[in-house]
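# Chains, contacts and geometry: an overview
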Amino acid sequence: MFAIVTAAMAPGMALLSYFYLRNHYSITTKGLVFRTFLIGVLLVFPVMVLQYAFTIEGYFTKPFTRSFILYAFVEEFFKWFLLWAFVYQHATFSRRYDGIVFGVSLSLGFATVENVFYLIANGLETAFGRALLPVSSHALYGVIMGYYLGRAKVETENCKKHMLLSIVLPVALHGTYDFILIIFDIYFLIGLIPFMLLLWWVALNKVKQANQLDQ
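The text that follows walks through the structure, step by step, so that each part is easy to find. (Residues numbered from 1 in each chain as written. Predicted model: local features only at pLDDT ≥ 70, side-chain atom pairs only at ≥ 80, totals over all residues. Heavy atoms only, no water.)

## So, the packing of aromatic side chains
Evaluation of the coordinates by the stated rule reveals 17 aromatic pairs. Note on Y59 and F60: the rings are 6.3 Å apart at their centroids and 45 degrees apart in plane angle, and the pair reads as tilted. Looking at Y59, the relative accessible area reads 47%, which means it is partly exposed. Its relative accessible area of 25% is what places F60 among the partly exposed residues. Ring-pair connections join several aromatic residues into one group, and the members of that group are F73, F77, F78, W80, F81 and W84. Taking the ring centre of Y88 as reference, the NZ or CZ of K153 above it sits at 5.0 Å. When the ring centre of F93 is taken as reference, the NZ or CZ atom of K153 above it lies at 5.7 Å. (Phe/Tyr/Trp six-rings, centres within 6.5 Å; stacked < 30°, edge-to-face > 60°. Buried < 20%, exposed > 50% of the residue type's maximum accessible area, 1.4 Å probe, protein only. Lys NZ or Arg CZ within 6 Å of the ring centre and 35° of its normal.)

## Examining the nonpolar core
For soluble globular proteins, the rule of thumb is that nonpolar side chains tend to be buried together. Core analysis: the biggest nonpolar cluster contains 54 residues, and I100 and L108 have the highest contact counts within it. Elements supplying a minimum of two residues to this core: α1 (2-20), α2 (27-56), α3 (63-88), α4 (97-122), α5 (127-154), α6 (159-184) and α7 (188-214). With twelve residues, α5 is the largest single contributor of residues to this core. Not counting residues up to four positions away in its chain, the partners in contact with I100 are G142, V143, G146, Y147, K206, V207 and A210. (Core = buried A, V, L, I, M, F, W, Y, C linked by side-chain atoms within 4.5 Å. Helix = DSSP H or I, 4+ residues; strand = E, 2+ residues; numbered from the N terminus. Contact = heavy atoms within 4.5 Å.)

Written as structure tokens, this is what we have:
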């Protein structure tokens, strides 16, 4: 069990460290990043209950609605809402990149616990694939969500536009990921590999843009 939990947590910790260590942060910000991660951890449980309830009741059973509503919208909306309620409303953003760090932190809190449950159910041999695909994809949705939340916080003249993009783009990308999984079935890697390369390219460009705008 210890090996499973460690393997499940390792990719999330590595990705959070990567995005966090790109910039220097104060002790106060470190505490807020940790609390944001814990919010993501706790979010897993109500989301799982809600998704289970919809599934039992027979809602969102078609591939498109299951991908884009049951999985993508439910998960990304609650991430976005909690980021808005607990971080955006109360934290002071000195730069746009702050939004990326908080977005990644909450997303990886969610992905880490989800990964623990998955590895417990399916075994340690799935750990590598989980790290490369679902865990990293959650981090990248967090980058994109946080990038636009950071811009909304700093660039008040375009706040509404960036707030809208901060939820619409992660839902669209997450839904596309799950739709590929469902449609391609056992051949999912044919669709997911190019999609993940595109997702990394988009997310790292957002990181680059945030740093350029913050200079």
